[in-house]
Amino acid sequence: MKLAERGRRLVTATPGRAVAGMGLQSAAEPGTLCGIVKCLPFSLISLMHIQLLLVPYDSGQRGWRCGAGPEHLVRAGLPAHLHRQGHVVTAIHTIEDDPAHPPAEIRTAFELARRLAAAVRSARAAGHFPLVLSGNCNSAVGTLSGLTPARRATFWFDAHGDCNTPETTTSGFLDGMGLAITTGLCWRQLAATVPGFEPVAAETTFLLGARDLDGPEEELLQRSAIVAVPVGQIPEGLPGILARAPLADCLGYLHLDLDVLDPTVGHANYLPVPGGLSVPQLTAAVDAIRARVPLGAAALTSYSPDDDHDQGVCRAAFAAIDAIVAGKGEQGTGNGERWLTAAAATKLGVTREPKPAGGSITRSLFPVPCSRFLFPVPCSRRWGCSGGLSVRGAGGHGLREWARSSSLLGRRAKPDWEIVVWWR
């Protein structure tokens, strides 16, 4: 029986079923299975628990223009799509304006930011990944405020700079100031009313794919330490740019204004700008960011379904979300994390297996590489567990011990599932 065939059989194994008698070869033979004796159900391994936070407003008006985008994405099947990808949508929460006041662009924007900040913080406290669907980009003020006190990095995909201020704008459009507000360049007094608001450092703020800037806005960006990454450097040049940036210990916020996409993909809104990103370029850029920084939250913004005539941007949005939530969220803290980590390890008993001579771990029965997810670092460092994982041995890959964690699910967890890891 091929290893892949064994893997498929074992994934569907029932709780508590022993693997003995399934024809497994000796662990001493290269390329064969080596028995660890406990296995987790797939649902505990690959899931992210995602909370959808909808902000269906554009310029203070509910459901108008881009304000129709968040609910359209939900009606188009986003929750079911995420479920098919193996994730769990724990809640769909709509942020509403204070009904005691009439809609007004500035007042409404900051009221929504205050309410969104609380919702993001609550989602993360529950161990869920906040995925914001918003009509306007200035919702980022609330999302980023919900991530404090962490040191944050902003990855802002947008065809426009969103870095005007009241002194530079010629249109008076508040949503053209979203990035400037998050970095503390304007509207400081109102921003301070948002719970948890702290400006994000310019040197950890990245403007990606912008190609339609006002003159004074462009001058402001050139004087600042904000890192502008043009379309021509995405995705190939992005890993190097991120490697040189001071991102140690940062928690990432990924902001996706869908008009960063090229209009050949579709019109995200009423302001299409030629020369944008393709869907493969966008998803590759998201992969590069996630490889460098753990994400604490993400947002899709500025999507007007009335302008997306063949739903090409809607499909692109689903692909982008797949890249954002692929695998895991913030590693090791439970914020969206549903890989085989502490929560999963609590379901396992302590098991010791010798590493075959000359062998190394190649993969597990789960769809994740052992070297990256199964044995990343000792438990006590990453997860705060009572035990640890040891990968010391010949070649640095030997599995010596799988220690039980008592920090998340408690000592009541019983090792009643089975897992198999094989060696090369």
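Further up the page is the structure itself.
Residues numbered from 1 in each chain as written. Predicted model: local features only at pLDDT ≥ 70, side-chain atom pairs only at ≥ 80, totals over all residues. Heavy atoms only, no water.

Focus: the overall build of the chain
Going by this rule: Only DSSP runs of H or I with at least four residues qualify as helices, and only runs of E with at least two residues qualify as strands; both kinds are numbered from the N terminus onward. Each residue is assigned to one of three classes by its accessible area relative to the maximum for its type, calculated with a 1.4 Å probe on protein chains only: buried under 20%, partly exposed between the two thresholds, exposed over 50%. Working rule for contacts: check all heavy atoms of both residues, and any pair within 4.5 Å makes them a contact. In these tables, accessible area is a Shrake-Rupley quantity obtained with a 1.4 Å probe, and a residue counts as shielded only by the protein chains included in the view.
The helix and strand inventory of the chain stands at 14 helices and 15 strands. Taking all 424 residues of the chain together, the buried fraction comes to 55%. Put simply, 75% of the contacts in the chain that link residues at least 6 apart link residues at least 24 apart. A total of about 17300 Å² of accessible surface is found on the chain, and carbon and sulfur atoms cover 54% of it.

So, the packing of aromatic side chains
What counts here: Here a pair means two rings of Phe, Tyr or Trp (six-membered ring of Trp) with centres within 6.5 Å. Their orientation is stacked below 30 degrees between planes, edge-to-face above 60, and tilted elsewhere.
Counted under the stated rule, the structure contains 2 aromatic pairs. Look at F110 and W187: their rings are 6.3 Å apart centre to centre, the planes differ by 50°, and that puts the pair in the tilted class. Placement of the pair is F110 in helix α4 (residues 105–125) and W187 in the loop between α6 (178–182) and α7 (188–191), with a sequence separation of 77 residues. Given the relative accessible area of 25%, W187 is considered partly exposed. With a centroid separation of 5.1 Å and an interplanar angle of 10°, the aromatic rings of F155 and F206 are classed as stacked. With a gap of 51 residues between them, F155 in strand β7 (residues 152–157) and F206 in strand β8 (residues 205–208) connect regions that are remote in the sequence. Residues F155 and F206 agree in their burial class; the two are buried.

Quick notes on α4
Residue pairs three or four apart in sequence face the same way in an α-helix, which turns once every 3.6 residues. Spelled out, the test is: Here the expected length of a helix is defined as 1.5 Å per residue gap, with one fewer gap than residues.
The end-to-end C-alpha distance of α4 is 30 Å, a good match for the 30 Å that 21 residues give at a rise of 1.5 Å each. If you check which residues of α4 are buried, you get T108, A109, F110, E111, L112, A113, L116, A117, A119, V120, A123 and R124. Immediately downstream of α4, the backbone of G127 shows phi near 85°, a positive value.

Quick word on the pattern of salt bridges
The following threshold applies: Definition used for salt bridges: Asp or Glu carboxyl oxygen within 4 Å of a side-chain nitrogen of Lys or Arg.
Taken as a whole, this structure holds 6 salt bridges when the rule is applied. Between R62 and E71 there is a salt bridge; the shortest N-O distance is 3.0 Å. Relative accessible area serves as the criterion here: at 38%, R62 is assigned to the partly exposed category. Linking E111 and R114 is a salt bridge whose minimum nitrogen-to-oxygen distance equals 3.0 Å. Of this pair, E111 and R114 both sit in helix α4, 3 residues apart, which is roughly one turn of the helix. When its relative accessible area of 13% is taken as the criterion, E111 is described as buried. Put simply, R62, E71 and E96 are held in one network by salt bridges that share partners.

Structural notes on the sheet that holds strand β10 (residues 251–257)
Threshold: Strand pairing is assigned whenever DSSP identifies at least 2 bridges connecting the two strands. Note on geometry: axes are lines fitted to C-alpha atoms, helical ones only across the stretch in contact, with angles between N-to-C directions running from 0 to 180 degrees.
Ordered by their spatial adjacency, 8 strands build an open sheet running β5-β2-β6-β11-β10-β7-β8-β9, and the pairing between neighbours is parallel. The sheet is open, and its two borders are formed by β5 (88–94) and β9 (227–229), each paired with just one other strand. Adjacent strand axes in the sheet meet at a mean angle of 15° when their direction is disregarded. As paired strands, strand β2 (residues 49–55) and β5 are joined by 6 bridges and run parallel to one another. By the bridge assignment, Q51 is partnered in β5 with A91. Contacts from α4 reach β2, β5, β6 (129–134), β10 and β11 (295–301) within the one sheet, and its direction differs from that of β2 by about 175°. Those strands touched by helix α10 (residues 279–292) are β7, β10 and β11, and its axis lies near 175° from that of β7.

Side note on the packing of α10 against helix α11 (residues 312–325)
Applied cut-off: Any angle that is under 35 degrees is reported as roughly parallel, and any over 145 degrees as roughly antiparallel; angles of 65 to 115 degrees are reported as roughly perpendicular and all others as oblique. Put simply, a crossing is left-handed when the front helix is turned counterclockwise from the back one by less than a right angle, and right-handed when it is turned clockwise.
With their axes 9 Å apart at the nearest point, α10 and α11 run at an angle of 20° to one another. Taken as axis vectors, α10 and α11 run roughly parallel relative to one another. With respect to the hand of their crossing, α10 and α11 are arranged in right-handed fashion. Counted together, V279, L282, T283, V286, D287 and R290 of α10 and A316, A319, A320, A323 and I324 of α11 form the full contact between these two elements.

Observations regarding the environment of L238
For L238, the position within the fold is in helix α9 (residues 238–244). Sequence spacing of L238 and I289 is 51 residues, and the spatial spacing of their C-alpha atoms is 8.2 Å. Here L238 is in contact with L208, V229, Q233, A285, A288 and I289, once residues within four sequence places are set aside.

Examining the pairing of β2
A large share of β2 lies buried, amounting to 7 of its 7 residues. Residues H49, Q51, L53 and V55 line one face of β2 and the alternating positions I50, L52 and L54 line the opposite face, and both faces are buried. Inspection of the sheet shows β2 paired to β6 by 6 bridges, in the parallel sense. Counted as the bridge partner of L52 is L131 from β6.

A word on helix α8 (residues 215–223)
To keep things clear, this is the line we draw: For this quantity, the arc is that covered by the directions from the helix axis to the C-beta atoms.
Listed as buried for α8 are E217, L220 and L221. Angular distribution of buried residues about the axis of α8 spans 100°; they occupy a single face of the element. For α8, the exposed residues set more than 90 degrees away from the buried face come down to Q222 and R223.

Considering the pairing of β6
Burial runs high along β6: 6 of the 6 residues are buried. Residues F129, L131 and L133 line one face of β6 and the alternating positions P130, V132 and S134 line the opposite face, and both faces are buried. Sheet topology note: the β6/β11 ladder contains 4 bridges and is parallel. In the strand pairing of β11, L131 is matched with A298.

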